[in-house]
Amino acid sequence: MWNEIFSLTFLTSLLTATIRLATPILYAALGQIFTQKAGILNLGVEGTMIVSAMAAFTVSYFSGSLWLGFISAIVVGVLWSSIMAWLSNTMNAVQVIAGIGLNILGAGVASYVYRIIFGVRTLPPQIDPFPVVELPLLSKIPVIGPVLFCNNVPTYIAFLLIPVSWFLMERTTFGLRVKMVGEHPRASDAKGIHVTLIRNIAVLIGGACAGAAGAYMSTAYMNLFTDNLVQGQGFMAVAVVIFSKFRPGWALVGSLVFGFSNALQMRLQAIGAGIPNQLLLMLPYIVTIFALISTSRKAEMPSAYTKPYVRMER
Amino acid sequence: MMKRRLRSSISTTWQTAVIVVAALLLGALFIAFAGESPLECYGVMLEGALGSMSRISEIMIKMVPLMIMALGVSIAFRAKLWNIGAEGQMIVGAITSAVVGLYIPLLPWLHMIIAPIFGMIGGALWAMIAGWLRVRFNANEVITTMMLNYVALYLLAYMVYGPMQEPGGYNYPQSSSMAESIQLTPLGAGLRVNTSVFVAIGVLILIILFWRSRFGFTVDLLGHGTKITNYAGLNANRTIIWTMMLSGALSGLVGWIEVYGVHFRLLEGIGAGFGDLAVVITLLGKMSPIGILFASFFISALLVGGATMQRMTAIPYSIVDIIQGLVIVLLITQPMIQQKLQARKARGIYVE
């Protein structure tokens, strides 16, 4: 067993699985960084992901175009999260509750629509998923090559989104405004920033990214849709945002930690190793709690986190 | 005073009924979209939920744990502590109470007292972690309770695959079965509903009394903010921790009921999805004990009836999730809509 674990093939397959499991979390987390920085805790990512995963699969299945499926998943993600935006910014609902409600609704709608369209079958309908694109030269490097440069295009896009979201957050006026409405909505309002608008955009960005994450699950990670396709990745993304202290670069680290512990668990199970991997799976969540403690202490959390902004109220 | 309270509770009941009907009507749209008759499907659902004694027994089996759990959640929610970790607290309660039944040799009647207490302690301690983190580090309890849910989930998996796994049990993720003498007894031959119904009634009465007690008042006060609580000369921090513990204790008690009354052993996936359901029920019941009693009946009937509907018609079980999700969305938009309507009415008077 042990020489099996310490072999190069095991390592390569483990790291490849890590990347594949980390990508959807990374997608969703990058979007949630904007949402949460604007002061909104959207626990409904899970629901957005499952609805988008269903949309991506259905569109890809009938149109034959994976990219059409991917794009429609993003559109569905934006539309679905607009409910969250409306609930939290217009109706001033308790965000936690709104998120839980939309998760239940999302799980219901995705499974319902899928069953109505495809019916009950013994074998679930399948599609050809996004193919692996080997980058020339780079993919020939041992271990690193097959792990980093032999992936599908959505994975590469996710990695490219890291610098993009960093730039958007740290180097643009929009990023500054997102941080302001999360930190001090009243002062932002006094400065002439449309608080509700910025917050809505932040939620929709999160929705678009969660949509991409959902599409990744059903058309890149898997090639089919099942009711429990998105098992906790949405919540993991929320955790990763806290873990990373709202920094896109660290969101990658966080996603990889979650991806790795999942991948290791799956690989160990595949070779039948009797190592209690549940304790390992627990670890990222415990680390997240510690990250939360340190962010809360240094007041790195947005001051208006989960607080709706009401203009008239003093 | 009494009259005003009665009137306000009637109007709340009325509003909640409107929301439930609206959610069912929107659900009917989904059924119609699938090309089925909503009336017929809802008929099958009602029949499946209340059609026979065994159906009602099935409702009770779901209603007892869900009501107790929702009562626990409501304690935290009224203090504006968004404890979404009821499921984790229930799981830990299930583990601690199962430990008593499996490893501690006691007289059966003593077991019936010790096991639920252990369950409650387990749940309370698990919830206390989140409460303590909130008080000590100002850590958002939503995130901590959510993370602790997963930790509990994996702890359970570790236990039933590892130290607590049934010896010689074909490697199933479950513990040995509880001795029959310490199981909760069914209320009738062939029925699954058991003596935990009386536990539920007891808890309900205790919680009604709780809200009239001094501590209940403090919890409600905490819901208005920690500053107000401190100004009133009460210790907000201590209240936060005790509120979380009480909330978790009830979920832990549910862990005991599931282990000793439903599954008769500890197993993976015990009480899966109960956390979300408890939140739905708490909100639908407007966080009042009697409201939660009715809400837990409605949701349990929906679950049991939905399963029948899936078997008898072409409508998938997920319609149950859709209706629940709609109920939550409608419930949280209700205060704002009401405010807008009132503002419009007031403006109308002004213009005249």
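Residues numbered from 1 in each chain as written. Chains lettered and ligands numbered in written order. Predicted model: local features only at pLDDT ≥ 70, side-chain atom pairs only at ≥ 80, totals over all residues.

Enquirer: Could you clarify how one ought to interpret the overall build of chain B in this entry?
Expert: For chain B, the count of helices and strands is 13 helices and zero strands. The C-alpha atoms of chain B give a radius of gyration of 22 Å, which matches the 20 Å a tight globule of 352 residues would have. Across the 352 residues that make up chain B, the buried fraction comes to 50%. Within chain B, counting contacts between residues at least 6 apart in sequence, those at least 24 apart form 76% of the total. (Helix = DSSP H or I, 4+ residues; strand = E, 2+ residues; numbered from the N terminus. Rg over C-alpha atoms; globule rule 2.2 N^0.38 Å. Buried ≥ 20, exposed ≤ 12 C-beta atoms within 10 Å, placed from the backbone. Contact = placed C-beta atoms within 7 Å.)

Enquirer: Hey, could you run me through the nonpolar core in this one?
Expert: A general trend in soluble globular proteins is that nonpolar side chains are found buried together. Within the largest apolar cluster, 216 residues are counted, with the highest numbers of intra-cluster contacts made by Ala53 of chain A together with Met69 of chain B. Top contributing element to this core by residue count: helix α10 (residues 195–221) of chain A, with 16 residues. Apart from residues no more than four positions distant in its own chain, Met69 of chain B is found in contact with Ala86, Met90, Leu250, Ser251, Val254, Phe274 and Ala278 of chain B. (Core = buried A, V, L, I, M, F, W, Y, C linked by C-beta atoms within 7 Å.)

Enquirer: Help me understand unusual backbone geometry in this model?
Expert: Leaving glycine out, the prevailing phi sign among residues is negative, and the prevailing peptide bond configuration is trans. At Lys245 of chain A, a position not held by glycine, the phi torsion is positive, near 50°. As for its placement among the helices and strands, Lys245 of chain A is situated in the loop between α11 (233–243) and α12 (248–270). Look at Lys245 of chain A and you get partly exposed, because 17 C-beta atoms sit within 10 Å. Of note in the backbone geometry, Asn138 of chain B takes a positive phi value of approximately 55° without being a glycine. Mapped onto the elements, Asn138 of chain B comes out in the loop between α5 (108–137) and α6 (141–161).

Enquirer: Help me understand the environment of Glu183 of chain A, please; the structure alone is not making it clear to me.
Expert: By secondary structure assignment, the location of Glu183 of chain A is in helix α8 (residues 173–183). Beyond its immediate chain neighbours, meaning those up to four positions away, Glu183 of chain A contacts Pro302, Ser303 and Ala304 of chain A.

Enquirer: How should helix α2 (residues 38–50) of chain B be read in this particular structure?
Expert: Side chains of residues three or four places apart in an α-helix project in the same direction, reflecting 3.6 residues per turn. Residue and element names in this part refer to chain B. Its 13 residues give α2 an end-to-end C-alpha distance of 18 Å, which sits within 8% of 18 Å, the value for a rise of 1.5 Å per residue. The set of residues buried in α2 consists of Cys41, Val44, Met45, Gly48 and Ala49. Viewed along the axis of α2, the buried residues span an arc of 130°, placing them on a single side of the element. (Expected span 1.5 Å × (residues − 1). Arc of directions from axis to C-beta.)

Enquirer: Just to check I follow, could you spell out the environment of Leu43 of chain A for this structure?
Expert: Residue and element names in this part refer to chain A. Counting through the fold element by element, Leu43 comes out in the loop between α2 (8–37) and α3 (45–63). Here Leu43 falls in the buried class, since 24 other C-beta atoms lie within 10 Å of it. Taking C-alpha positions, Leu43 is 7.9 Å from Gly234, a pair spaced 191 residues apart along the chain.

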